Structures are given as C-alpha cells and as structure tokens.
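Observations on the three-dimensional arrangement
One-letter residues, chain by chain:
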Amino acid sequence: MLSDLLAGALEDASERRAVRGFAEVEAAALSRPPAIDALEALAPSDRVRIIAEVKRSSPSRGALADIPDPAALAVSYETGGASAISVLTEGRRFGGSLADLEAVREAVRVPVLRKDFMAEPYQILEARASGADIVLLIVAALEQRELAGLFALATALGMTALVETHGADEVSRALDIGAGLIGVNARDLTTFELDQDLFGRLAGQIPSGVIRVAESAVKGAADVAHYREAGADVVLVGEALVTGDPVQTLAEFLGA
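A short tour of the structure in this document, coming up. (Residues numbered from 1 in each chain as written. Predicted model: local features only at pLDDT ≥ 70, side-chain atom pairs only at ≥ 80, totals over all residues. Heavy atoms only, no water.)

1. Details of the overall build of the protein chain
Note the cut-off: Helix and strand definitions here come from DSSP, where helices need a minimum of 4 consecutive H or I residues and strands a minimum of 2 consecutive E residues; each element is numbered from the N-terminal end. The globule rule used for comparison is 2.2 Å times the number of residues to the exponent 0.38, while the radius of gyration itself is calculated over C-alpha atoms. In short, Shrake-Rupley with a 1.4 Å probe defines the accessible areas, and a residue's cover is counted only from the protein chains shown. Positive residues here are Lys and Arg, negative ones are Asp and Glu, while His and the chain termini are left out of the count. Charge coordinates come from a single atom per side chain, which is NZ of Lys, CZ of Arg, CG of Asp or CD of Glu.
A count of helical and extended segments in the protein chain gives 12 helices and 10 strands. The C-alpha atoms of the protein chain give a radius of gyration of 17 Å, which matches the 18 Å a tight globule of 256 residues would have. Along the first, second and third principal axes, the C-alpha set of the protein chain runs to 45 × 40 × 35 Å. With an accessible surface of roughly 10400 Å², the protein chain has 50% of that area assigned to carbon and sulfur atoms. Averaged over its 23 positive side-chain charges, the protein chain has a centre that lies 1 Å from the centre of its 38 negative ones.

2. Re the side chain of glutamine 123
This is how the line gets drawn: Think of it in three bands: residues with accessible area under 20% of the maximum for their type are buried, residues over 50% are exposed, and the middle band is partly exposed, with areas taken using a 1.4 Å probe on protein chains only. For this analysis, a polar contact is any N or O atom pair within 3.5 Å, provided that within protein one partner can donate a hydrogen and the other can accept it, and provided that sequence-adjacent residues contribute only side-chain to side-chain pairs. Contacts are assigned to residue pairs with any non-hydrogen atoms lying within 4.5 Å of each other.
In this fold, glutamine 123 is placed in helix 6 (residues 121-129). A relative accessible area of 0% places glutamine 123 in the buried class. A distance of 3.1 Å separates a polar side-chain atom of glutamine 123 from the backbone nitrogen of glutamate 120. Excluding residues that lie within four positions of it along the chain, glutamine 123 makes contacts with Ala9, Leu10, Ala13, Arg114, Phe117 and Met118.

3. Focus: the packing of aromatic side chains
The test is simple: Here a Phe, Tyr or Trp ring, Trp counted by its six-membered ring, pairs with any other such ring whose centre lies within 6.5 Å, and the pair is stacked when the planes are under 30 degrees apart, edge-to-face when over 60, and tilted otherwise.
Scanning the model with the defined rule gives three aromatic pairs in all. Plain terms: the ring middles of phenylalanine 22 and tyrosine 122 are 6.4 Å apart, the flat faces sit at 40° to each other, and that makes the pair tilted. One end of the pair, phenylalanine 22, is in helix 2 (residues 22-31); the other, tyrosine 122, is in helix 6, and 100 residues separate them in sequence. Residue phenylalanine 22 is classed as partly exposed on the basis of its relative accessible area, which comes to 38%. Taking the centre distance of 6.0 Å and the plane angle of 40° together, the rings of phenylalanine 94 and phenylalanine 117 count as tilted. One end of the pair, phenylalanine 94, is in the loop between strand 4 (84-88) and helix 5 (98-107); the other, phenylalanine 117, is in the loop between strand 5 (112-115) and helix 6, and 23 residues separate them in sequence.

4. Topic: the sheet that holds strand 7 (residues 160-165)
Our working rule: Each pair of strands is called paired provided DSSP finds at least two bridges between the two strands. Note on method: axes are straight lines fitted to C-alpha atoms, helices fitted across the in-contact stretch only, with angles between N-to-C directions ranging 0 to 180 degrees.
Here we have eight strands rolled up into a closed barrel, ordered 1-4-5-6-7-8-9-10, and parallel in their pairing. Adjacent strand axes in the sheet meet at a mean angle of 25°, parallel and antiparallel pairs treated alike. Against the sheet, helix 4 (residues 70-80) engages strand 1 (49-54) and strand 4, with an angle of about 165° to strand 1. Across the sheet, helix 7 (residues 144-156) touches strand 6 (134-138) and strand 7, and the angle it forms with strand 6 is around 175°.

5. Overview of the nonpolar core
Stated formally: Residues grouped as a nonpolar core are buried Ala, Val, Leu, Ile, Met, Phe, Trp, Tyr and Cys residues, joined through side-chain atoms within 4.5 Å.
Residues Ile50, Tyr77, Ile85 and Val235 are the most contacted members of the largest nonpolar core, which totals 93 residues. Residue contacts for isoleucine 50: discarding those within four places in its chain leaves Ala82, Ser83, Ala84, Val224, Val235, Val237, Leu250, Phe253 and Leu254.

6. A short note on helix 8 (residues 168-176)
Each turn of an α-helix holds 3.6 residues, which means side chains three or four residues apart point in the same direction. Going by this rule: What the arc covers is the set of directions going from the helix axis to the C-beta atoms.
For helix 8, the set of buried residues is Glu170, Val171 and Ala174. Considered in projection along helix 8, the buried side chains sweep an arc of 105° and stay on one side of the axis. Opposite the packed face of helix 8, turned more than 90 degrees from it, sit the exposed residues Asp169 and Asp176. Taken together, the buried residues of helix 8 touch strand 7, strand 8 (181-185) and helix 9 (198-203). Two residues or fewer after helix 8 comes glycine 178, characterised by a positive phi angle close to 90°.

7. A closer look at the pairing of strand 5
The following threshold applies: Orient the strands so they point away from the viewer, and a crossover whose first-strand-to-second-strand path over the helix runs clockwise is right-handed.
Burial along strand 5 is two-sided: the face carrying Val112 and Arg114 and the face carrying Leu113 and Lys115 are both buried. Following the backbone out of strand 4, through helix 5 and into the adjacent parallel strand 5, one traces a crossover that is right-handed. In this structure, strand 5 lies alongside strand 6, joined through two bridges in parallel fashion. Bridge assignment links leucine 113 to a residue of strand 6, and that residue is isoleucine 134. This β-α-β element, strand 5 to helix 6 to strand 6, shows right-handed connectivity.

8. Description of helix 6
Across the nine residues of helix 6, eight count as buried, placing the element largely inside the fold. The complete set of buried residues in helix 6 reads Tyr122, Gln123, Ile124, Leu125, Glu126, Ala127, Arg128 and Ala129. Elements in contact with the buried residues of helix 6: helix 1 (2-19), helix 2, helix 5, strand 5, strand 6 and helix 7. Where helix 6 ends, the next residue or the one after it, glycine 131, has phi of about 100°, a positive value.

9. Quick look at the pattern of salt bridges
Put simply, the rule is: Definition used for salt bridges: Asp or Glu carboxyl oxygen within 4 Å of a side-chain nitrogen of Lys or Arg.
Following the criterion strictly, the structure yields 13 salt bridges and no others. For arginine 105, the salt bridge goes to aspartate 133, with nearest N and O atoms at 2.4 Å. Here aspartate 133 lies in the loop between helix 6 and strand 6 and arginine 105 lies in helix 5, a separation of 28 residues in the sequence. Grouping residues by exposure puts arginine 105 and aspartate 133 together as buried. Among the salt bridges present, the one from arginine 114 reaches glutamate 126, with a minimum N-O distance of 3.2 Å. With a gap of 12 residues between them, arginine 114 in strand 5 and glutamate 126 in helix 6 connect regions that are remote in the sequence.

From the geometry alone we can't say anything about function, so treat these as descriptive.
Next comes the structure, spelled out in structure tokens:
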C-alpha cells in the first residue's frame, strides 16, 4: 500500500513539475514569509495539543466528508483550540490538493502541515511555496540518505519536519537525523492495520526535548486520553473531526 501511494504521489509531482518547473517553485518557496515555528506551537503543555486534519477520504475507509470549503473547516479547528492544521494534499486516495493547503494557510494563524507522501526535493519546495510550515516525512518510505536530505532541505527553508515512525528502528533513524518532532503512527502503512498501543511501547525511546506525536486510531476522547497517558505531547486527529462537530469534538479531546 505504501509503495503504491508513494509511486502515485511522485507521478503526480512529476506532472506538476512539467507545468511549473523546479526553478519557479524554488523561487516561490524562497519568497514566502517565514514559516511559523511549529516546535514552539506544539511544545509540551499541561494539556494535550491537537493537530486537526482536513481529510476527505482515506484508503482504509473511503469517503469521509465532502469538505467543500477546507478553509472554513480549518478556521473552526483553530477556533476550537487546535494547535496546528494538517492538510492532506494527496489527490488519488485522499481527495486533497495543494489548493486546499493554500486556502487553509490564508485562513488560519496556526502552523499548517502538508501531509503527503514526500520523497523528492520538489515536493518540499512545493510545500513551502504553498505556505506549509510543517512537512511530513515517513521513515518507512525513504532510505536514510533520502530522509536526511529532505529533512535538511525542509529545515533550510525554515519549516519543521514531522518525522513519522512505526517501529523502534524507525524512531532511531528519526533521532539520527536530529528530528525534533517525531510521530508514531498506529497504522502500519504497508498493511493499514492498526495498533493503538504501539505509541506507548515506543514513547520511552523518544527523549525529552523531542515532541512526541501520536497518530491514527482516534475515535473519541478516551483514545486521546490513552495516548496522553502513554506520553503523547500531541495527537493528530482526522476522521473523528471531519465526521462530527469539529468544535465540540475538539473541546472533548482537549479536555481528555
């Protein structure tokens, strides 16, 4: 599954690059105002922080929500207390786009994450050109040299990388490149199976000073509390927010 998603994302990026070349996108990225400091926005607090996701569909669940106005949804997330907004920009299986990211960036003041299958420098430059403050780097999708190179590029552009892991060896790889924001995804992207207890088993491997993000398998406040008790500083939530009242749901999650 991960290989298919990655191949599709790279093919789509190649098509965009044929229309808008590397140099043009690089110039646009460098001309953006400075990125918002996501490490500051997501720093450990006395209550859990939430990254709220704009997510229309997923390979595991299919269609979730139409979301005709991603900016309006993002504003409701910010109003509800989200510390950052994640925007799916993958179009084939998640129904997202860079236009969604750009609309959200213009509408909110909190950091915005481009969530996609990132594997080449062009995609990182696109993210910054579209206003992203954070980019997702999935350890399982990248060789260590690629991971380090993309992390360095994102950092040079002033962005923060959310380095996503799914195993002890991947956490070690994330730490080796100096990641300050490490996610543990309960969903295995090769099989799409869930293990909500994985975060708790790996959290102790992530040292203090590195922000710990729990991803996936959140249906209600009890799941947020489960992650918080296991040591999560931040919980990334998508499906549970787009399928209900986002402001009310965020209030419940933040009180977990």
